[in-house]
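Structure assessment
This is what each chain is made of:
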Amino acid sequence: MSLLTIASQDKTLASIAEKVLHRERLTIEDGLALYESDDVFSIAQLANLVNERINGNRVYFVQNMYINPTNVCEAKCRFCGFRRDQDQEGAYTMSSEELLHYVGTRFNDGIREFHIVGGHNNHVPFDYYVDTLRTLKKAYPDVALKAYTGAEIEFFSRIAGISMEEVLKELMNAGLESLTGGGAEILTERYRLKMSPEKASTDDWLLAHRTAHGLGMLTPCTMLYGSIETKEERLIHMSRIRELQDETNGFQVFIPLAVQPMKATAGIRRRTSAMDDIKTIAISRLMVDNVDHIKAYFINIGTQLTQLALRAGASDAHGTLVEERISHAAGALSDQGITKEDLIWLIKGAGKIAVERDTHYNVIKEY
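Because the structure is predicted, anything quoted here is derived from the model rather than measured.

**Here we look at the overall build of the protein chain**
Per the secondary structure count, the protein chain includes 15 helices and 11 strands. Against the globule reference of 21 Å for 367 residues, the protein chain gives a C-alpha radius of gyration of 20 Å, in line with a compact fold. Every one of the 367 residues in the protein chain was classed for burial, and the buried ones make up 57%. Across the protein chain, contacts joining residues at least 24 apart in sequence account for 75% of those joining residues at least 6 apart. When the accessible surface of the protein chain is split by element, carbon and sulfur atoms take 49% of a total near 15,000 Å².

What follows is the structure, encoded as structure tokens:
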């Protein structure tokens, strides 16, 4: 890649490009400069370069299914439209029979992963969450269980009165193969005290994943951007992920999630802009240099912007989902799922090779 492709008048961007080309780690100050730059296309080009160093021309996806066993939650996160109080209209907690009926009426033979998250429901014991995994594993032994967020692991530890390591070992014995990446939001205490004060702290969330990695588990990680956080806080979040990855090498993918408004009828000014979405994905690829994959989450940014993101540093187009509930409860405008054929079409339309994977990024088939 030639520096001639970087706007000659933007000396700071050219200096950052030099660092990228020479594989030097970017600083938070570099990240701030990238956010301040209007040259989103050059930033995307740099991110694509870094992505192709790691992943070549491949973009990954998985045939998966989302399951939310309960929406009852003790936490009252300011960005969440999914949660309910125990006695509130619309509250639910699936029994084993209801869980199996829900899955059975939506399952297809291509599904390789169940993605399971829910509310922090303190009206049921920890055993409920363990039994959820056991029930699914018994009924679908060949489907990988990716379940619970780092924040849920901290919550389970509190209600069970055991350590997070003990929680994880019990879940793993029930069939858990990976945590989900959620519950991170923004990993600064200023943000968490304002937006999710009842949930796991920054240190708690990091400890949950550090512990999982120490037990041999590989996990994803997320960042929920677009509300009250500053650009610097986004970059601090990326830096904290990067530091833990230096320590454990346990993160497989970093997932920037655009926050959704509380109603689907909310106007465009209540949503993140396309420019911010693409820039954040690209900056994530440049900053989080030690995690192999950056995911473009079509649920939050739409399918066409996801396709563009595959040329801006993203190497994962997520999965089929079947029925996403949490972002849609908070105003997402996208479909709740997507077919394998449409995912392949999106990836190929970006000039990339579509690669179906399993939970652990083992290749199932190339298209």
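**Things to note about the nonpolar core**
Residues L34, W205, M238, I241, F254, I283 and L286 are the most contacted members of the largest nonpolar core, which totals 73 residues. Discounting chain neighbours no more than four positions away, the residues touching L286 are V20, L26, L34, I43, L46, A47 and V50.

**Description of the sheet that holds strand β6 (residues 219–225)**
Spatially, the 3 strands line up as an open sheet ordered β6-β7-β8, and their pairing is parallel. On the outer flanks of this sheet lie β6 and β8 (293–294), each paired with one strand and no other. Where strand β7 (residues 251–258) lies against β8, 2 bridges are found, and the strand directions are parallel. Paired with V253 across the strands is H293, a residue of β8.

**Thoughts on the sheet that holds strand β11 (residues 363–366)**
Remark on secondary structure: sheet strands pair via backbone hydrogen bonds, oriented parallel or antiparallel. Taken in spatial order, the 4 strands of this open sheet run β9-β1-β10-β11, and their pairing is mixed. A single partner strand is all that each edge strand has here, and the edge strands are β9 (316–319) and β11. Within the sheet, the average angular offset between the axes of one strand and its neighbour, ignoring direction, is 25°. Here strand β10 (residues 353–357) runs beside β11; their pairing, made up of 3 bridges, is antiparallel. Each bridged residue has a counterpart across the sheet, and for R357 the counterpart in β11 is V363. Across the sheet, helix α15 (residues 340–349) touches β1 (58–62), β9 and β10, and the angle it forms with β1 is around 165°.

**Considerations on the pairing of β6**
Of all 7 residues in β6, 7 are buried; the element is thus mostly enclosed. Residues T219, C221, M223 and Y225 line one face of β6 and the alternating positions P220, T222 and L224 line the opposite face, and both faces are buried. Across 7 bridges, the pairing between β6 and β7 is parallel. Note that in β7 the partner of P220 across the bridge is V253. Chirality of the crossover, the property in question, places the unit of β6, helix α10 (residues 231–248) and β7 among those that are right-handed.

What counts as what
- Residues numbered from 1 in each chain as written.
- Predicted model: local features only at pLDDT ≥ 70, side-chain atom pairs only at ≥ 80, totals over all residues.
- Heavy atoms only, no water.
- Helix = DSSP H or I, 4+ residues; strand = E, 2+ residues; numbered from the N terminus.
- Rg over C-alpha atoms; globule rule 2.2 N^0.38 Å.
- Buried < 20%, exposed > 50% of the residue type's maximum accessible area, 1.4 Å probe, protein only.
- Contact = heavy atoms within 4.5 Å.
- Areas by Shrake-Rupley, 256 points an atom, 1.4 Å probe, with all protein chains shown as cover.
- Core = buried A, V, L, I, M, F, W, Y, C linked by side-chain atoms within 4.5 Å.
- Pairing = 2+ DSSP bridges.
- Axes fitted to C-alpha atoms, helices over the stretch in contact; angles between N-to-C directions.
- Right-handed = clockwise from strand over helix to strand, strands pointing away.

The quantities given are spatial measurements derived from coordinates; they are silent on function.
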